[in-house]
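Architecture and fold: a report
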There are 2 protein chains.
Amino acid sequence: MSYTLDVRDLADLARGAALLGTGGGGDPYIGRLLVEQALRDGPGTITVLDPAELGDDDLVIPTAQMGAPTVMVEKIPRGDEAVAALRALEVHLGRRADATMPIECGGINSMIPLLVAARTGLPVVDADGMGRAFPELQMETFSVYGVPGSPLAIGGENGETVVIDTGADNKRLEWLARGIAIRLGGVAHIAEYAMSGADVKRTAVPNTLTLGLRIGRALRTAREEHRDPVEALAETMSGTLYDKVRVLFRGKVVDVERRTVAGFARGSATLAAFEGGGRLELTFQNENLVARADGEVRCVVPDLICVLEADSGEPITTEGLRYGQRAVVVGISAPDLMRSPEALAVFGPGAFGLEVGFRPVEDLVSL
Amino acid sequence: MSYTLDVRDLADLARGAALLGTGGGGDPYIGRLLVEQALRDGPGTITVLDPAELGDDDLVIPTAQMGAPTVMVEKIPRGDEAVAALRALEVHLGRRADATMPIECGGINSMIPLLVAARTGLPVVDADGMGRAFPELQMETFSVYGVPGSPLAIGGENGETVVIDTGADNKRLEWLARGIAIRLGGVAHIAEYAMSGADVKRTAVPNTLTLGLRIGRALRTAREEHRDPVEALAETMSGTLYDKVRVLFRGKVVDVERRTVAGFARGSATLAAFEGGGRLELTFQNENLVARADGEVRCVVPDLICVLEADSGEPITTEGLRYGQRAVVVGISAPDLMRSPEALAVFGPGAFGLEVGFRPVEDLVSL
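What counts as what
- Residues numbered from 1 in each chain as written.
- Chains lettered and ligands numbered in written order.
- Predicted model: local features only at pLDDT ≥ 70, side-chain atom pairs only at ≥ 80, totals over all residues.
- Heavy atoms only, no water.
- 1 Å grid on protein atoms, 1.4 Å probe; cavity = no way out; pocket = protein on both sides within 12 Å on 5 of 7 lines; lining within 4 Å.
- Points joined across faces, edges and corners; volume = space filled by probe spheres on them.
- Helix = DSSP H or I, 4+ residues; strand = E, 2+ residues; numbered from the N terminus.
- Nonpolar A, V, L, I, M, F, W, Y, C, P; charged D, E, K, R; others polar.
- Domains from an automatic or database assignment.
- Contact = heavy atoms within 4.5 Å.
- Buried area = accessible area lost by both parts, 1.4 Å probe.
- Salt bridge = Lys/Arg side-chain N within 4 Å of Asp/Glu carboxyl O.
- Polar contact = N/O pair within 3.5 Å; in protein donor to acceptor, adjacent residues only side chain to side chain.
- Buried < 20%, exposed > 50% of the residue type's maximum accessible area, 1.4 Å probe, protein only.
- Expected span 1.5 Å × (residues − 1).
- Phe/Tyr/Trp six-rings, centres within 6.5 Å; stacked < 30°, edge-to-face > 60°.
- Lys NZ or Arg CZ within 6 Å of the ring centre and 35° of its normal.
- Pairing = 2+ DSSP bridges.
- Axes fitted to C-alpha atoms, helices over the stretch in contact; angles between N-to-C directions.
- Parallel < 35°, antiparallel > 145°, perpendicular 65-115°, else oblique.
- Left-handed = near helix turned anticlockwise from the far one by under 90°.
- Least-squares fit on C-alpha atoms with pLDDT ≥ 70 in both.

Per an unreviewed UniProt entry, chain A goes by the name DUF917 domain-containing protein and belongs to Planotetraspora phitsanulokensis.

Structure, rendered in structure tokens:
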């Protein structure tokens, strides 16, 4: 069902999107401030469009930010770069968009399409192509199920535009766009995966903006009511496409190793158990990719590995990890369309160079 | 005057273009092979169009290759990349080109527009925007006199295209295009500085393809007749816009230091005099930028610093410099429109970070 979103929903959505970001996707806080500003300056509300209500021939142009989350928190966007990218792609295609959409529901990319919507009046489709956050542009259910990312348009902070077309080769598209993102200072705003309403219904993970909003509300309410955030999270996920929630570990951050390299934030973090000698190691490339407890895999990409502050339930991003934080690490099952062999080939552990096979979190960790 | 060029002219033009490349611009040898192939497969001749005969409203789209010369000799183009770039720019502009043109008459970029001409049937305008070779895209008389490089189109070897628009900011255009060139493996084929016939007449260095052809013929004839190549070169340049020719040094290459960094070939070479203890040091970024004899500047960019094999008069590129080569180093005056304060701001010594002021070669070295 379609509905309108207003400024009071943004804090909850940002919290839920941070959780779906699985440590990456960029901190949605800055995106939220930009959307709030645009809503105050403009229409006041944003239409969230259920994908089921899209016309098959509607043109949907997703918008996003790409870059290292470590840079995103230091280099604040001007606010109109993603609109410029959308407009450049419209000119290139010779057609106006009927709606925008996230390519990624986790992290700041839950907010960028809202910013475009608030500035242009376009509705935002309640769906995305990652069902979480991933570090590279070809890691999309759109791509897995046959929608090309090309042509892709980039809008920079000085009004520059770049349009890249690599045909069906989405990995090459990522490679070239990342080159421009690096030269723009580590972050670029993009419009890509332009597609018909029919293709959205066929290839997107549905209702993920609404899911982010519900997760954020649940975590806030749990805190207000002094309830266990993981319990509230499990209740929220029940009945959705993400219905298995497992506690992987509870402990304290004792080591973080992180570097920004080739346009990504790469590294690892170690947590020590509150009680006993157990340790959990997280490996990340922007997002958490694998969690190993005492060397044994507990959860692996594309299943979601989320680090929450133990008391408040507030999600912690990989660039926000600090020595001494008390955390609970949660694994969440990815939707089935993200666990197919075609999907695992694009964003399973092998796609990140991990020498680990995919196993569902519900098989690795019992309730 | 316009005329036709055929396959027999290419060796001479390549030799002359190598000299005008002032050590850089990429070895024209590979470009020449590509043009020969295209002429055998196609029309057999190419029309070289005198800029004076262009209609003021004609659309001229220059074509070129960009990248490190060290890479260009190892990564052979497929041959249709520059045509793809031209076509992508035509689509972006919504208009077909009436002619192509070099942006750079020195090195391989004398050949790339001929390749496009042989494959498309378009004429090539006998003019360029560098009057020699330079390492960066904003270093153009077009740019100096107000024609923007944007939009720029890139064609890659896998059929990918990129269109970059940075408005009037040609330095930013260079920065972003270089990022793509690096990601394409160090070389990209481009179409840029699309302009009217009127703008060509106002901003281009005229008749530089013909100049390259005449230089190449003169050096070959001198060799065949056992004449001094420098004497033949000076005769050829007399009466052209490049009419001061000076011998800077005669000696043997005793040291070469070269690295490919950030998409450029940077380094220096030292020559020791055949007689006495004198030394000449050449500093280059793709092209020779400054020649110092025993620490004293003898010639500096944008004047041309050309290294010729002492006996044959064959030009030696910076990537072709080897220990033990016997060479004569020649300085040639750049045309007046390349020595104006506006021009020196864009491609004078300060633009390369050299702490040397520009002084004309004819003031630095007497006849």
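Description of the layout of surface pockets
Residues and elements named next belong to chain B. Empty space within the largest pocket amounts to approximately 330 Å³. Residue lining of the largest pocket: 17 residues in total, with A18, D27, Y29, E314 and P315 positioned closest to the centre. Contributions of two or more residues to the lining of the largest pocket are made by α1 (10-20) and α2 (28-41). The biggest single contributor to the lining of the largest pocket is α1, with four residues. Of the residues contributing to the lining of the largest pocket, the split by class is eight nonpolar, three polar and six charged. Both domain 1 (3-206) and domain 2 (228-358) contribute no fewer than three residues apiece to the lining of the largest pocket.

Comments concerning the domain arrangement of chain A
Residue and element names in this part refer to chain A. Parsing chain A into structural domains produces domain 1 (3-206) and domain 2 (228-364). Between the C-alpha centres of domain 1 and domain 2 the distance comes to 24 Å. Between domain 1 and domain 2, the residue contacts involve 37 residues of the former and 37 residues of the latter. Summed over both sides, the interface between domain 1 and domain 2 buries roughly 2,800 Å², with carbon and sulfur atoms accounting for 68% of that surface. Three residues stand out in domain 1 for area buried against domain 2, namely L19, R132 and P135, and they jointly supply 20% of the buried area on that side. For the salt bridge of E314 with R15, the shortest nitrogen-to-oxygen distance reads 3.2 Å. On the surface where domain 1 and domain 2 come into contact, there are ten residue pairs in polar contact (both at pLDDT 80 or more).

Comments concerning unusual backbone geometry
A cis amide bond links S150 of chain A with the next residue in sequence, P151 of chain A, at an omega value of -10°. With respect to the element layout, P151 of chain A can be found in the loop between α6 (141-144) and β7 (152-155). P302 of chain B follows V301 of chain B through a cis peptide bond whose omega is 10°. Unlike most non-glycine residues, T22 of chain A shows phi in positive territory, near 50°. You can see T22 of chain A is positioned in the loop between α1 (10-20) and α2 (28-41). On the accessibility criterion, T22 of chain A (0% relative accessible area) is buried.

A word on the pattern of salt bridges
Pairs can form between side chains of opposite charge whenever their charged atoms are close. Residue and element names in this part refer to chain B. Under the defined criterion, the tally for this structure stands at 45 salt bridges over all chains. When the shortest N-O distance is used, the salt bridge between D199 and R202 registers 3.0 Å. In this pair, D199 and R202 are both assigned in helix α8 (residues 197-203), three residues apart and thus about one turn of the helix distant. Residues E362 and R339 are paired through a salt bridge, measuring 2.9 Å at the closest nitrogen-oxygen approach. Residue E362 is found in helix α12 (residues 361-364), and its partner R339 is found in the loop between β18 (326-332) and α11 (341-347); the two are separated by 23 residues along the sequence. Taking the relative accessible area as the measure of exposure, R339 reaches 16% and is therefore buried.

Some remarks on helix α9 (residues 208-224) of chain A
Each turn of an α-helix holds 3.6 residues, which means side chains three or four residues apart point in the same direction. Over its 17 residues, α9 of chain A extends 24 Å from the first C-alpha to the last, a length consistent with the 24 Å expected when each residue adds 1.5 Å. Taken from the residues just after α9 of chain A, H226 of chain A is the one with a positive phi, measuring 55°.

Some words on the interface of chain B and chain A
Taken residue by residue, the interface counts 18 residues in chain B and 18 residues in chain A. Taking both partners together, chain B and chain A bury about 1,700 Å²; carbon and sulfur atoms supply 54% of that area. For chain B, the biggest contributors to the area lost against chain A are R172, L176 and R183 of chain B; these three give 38% of the whole. Counting every contact that joins chain B to chain A gives two salt bridges. The salt bridge partner of R172 of chain A is E160 of chain B, with a shortest N-O separation of 2.3 Å. Connecting chain B to chain A are seven residue pairs in polar contact (both at pLDDT 80 or more). Within the residue set of the side of chain B that touches chain A, elements represented by two or more residues are β8 (161-165) and α7 (170-183) of chain B. The dominant element in the side of chain B that touches chain A, judged by the number of residues it contributes, is α7 of chain B, at eight residues.

What to know about the packing of aromatic side chains
Tallied over the full model, the rule gives six aromatic pairs over all chains. A ring pair is formed by F134 of chain A and F347 of chain A, whose centres lie 4.6 Å apart and whose planes are at 20°; its orientation type is stacked. Of the two residues, F134 of chain A sits in the loop between β6 (127-128) and α6 while F347 of chain A sits in helix α11 (residues 341-347), which places them 213 residues apart along the sequence. Sitting above the plane of the W175 of chain B ring, R183 of chain A keeps its charged end 3.7 Å from the centroid.

A closer look at the sheet that holds strand β5 (residues 124-125) of chain A
Residues and elements named next belong to chain A. Sheet architecture is open: three strands sit in the order β1-β2-β5, paired in mixed fashion. The sheet is open, and its two edges are formed by β1 (3-6) and β5, each paired on a single side. For β1 and strand β2 (residues 45-49), the ladder comprises four bridges, and the chain directions are antiparallel. Note on β2: the bridge partner recorded for D6 is T45. Contacts between α9 and the sheet are confined to β1, β2 and β5, with β1 contributing the most and set at about 50° to the helix.

Focus on the packing of helix α9 (residues 208-224) of chain B against helix α10 (residues 229-237) of chain B
All names here are of chain B. Two numbers describe how α9 lies on α10: the axes approach to 9 Å, and their chain directions differ by 150°. Classed by the angle they form, the pair α9 and α10 counts as roughly antiparallel. When the axes of α9 and α10 are compared, the crossing they make is right-handed. Contact with α9, carried on its side by L211, R214, I215, A218, L219 and A222, involves P229, A232, L233, T236 and M237 of α10 and no other residues of that element. When grouped by side-chain class, the residues that make up the contact of α9 with α10 number nine nonpolar, one polar and one charged.

Focus on the relation of the copies chain B and chain A
Of the two same-sequence chains, chain B is brought onto chain A (RMSD 0.0 Å, axial shift 0.0 Å) by a rotation of 180°. Viewed as a symmetry operation, the transformation between the two copies matches a two-fold axis. Taken as a fraction of all interface residues of chain B, those also at the interface in chain A reach 100%, which identifies the copy contact as same-surface.

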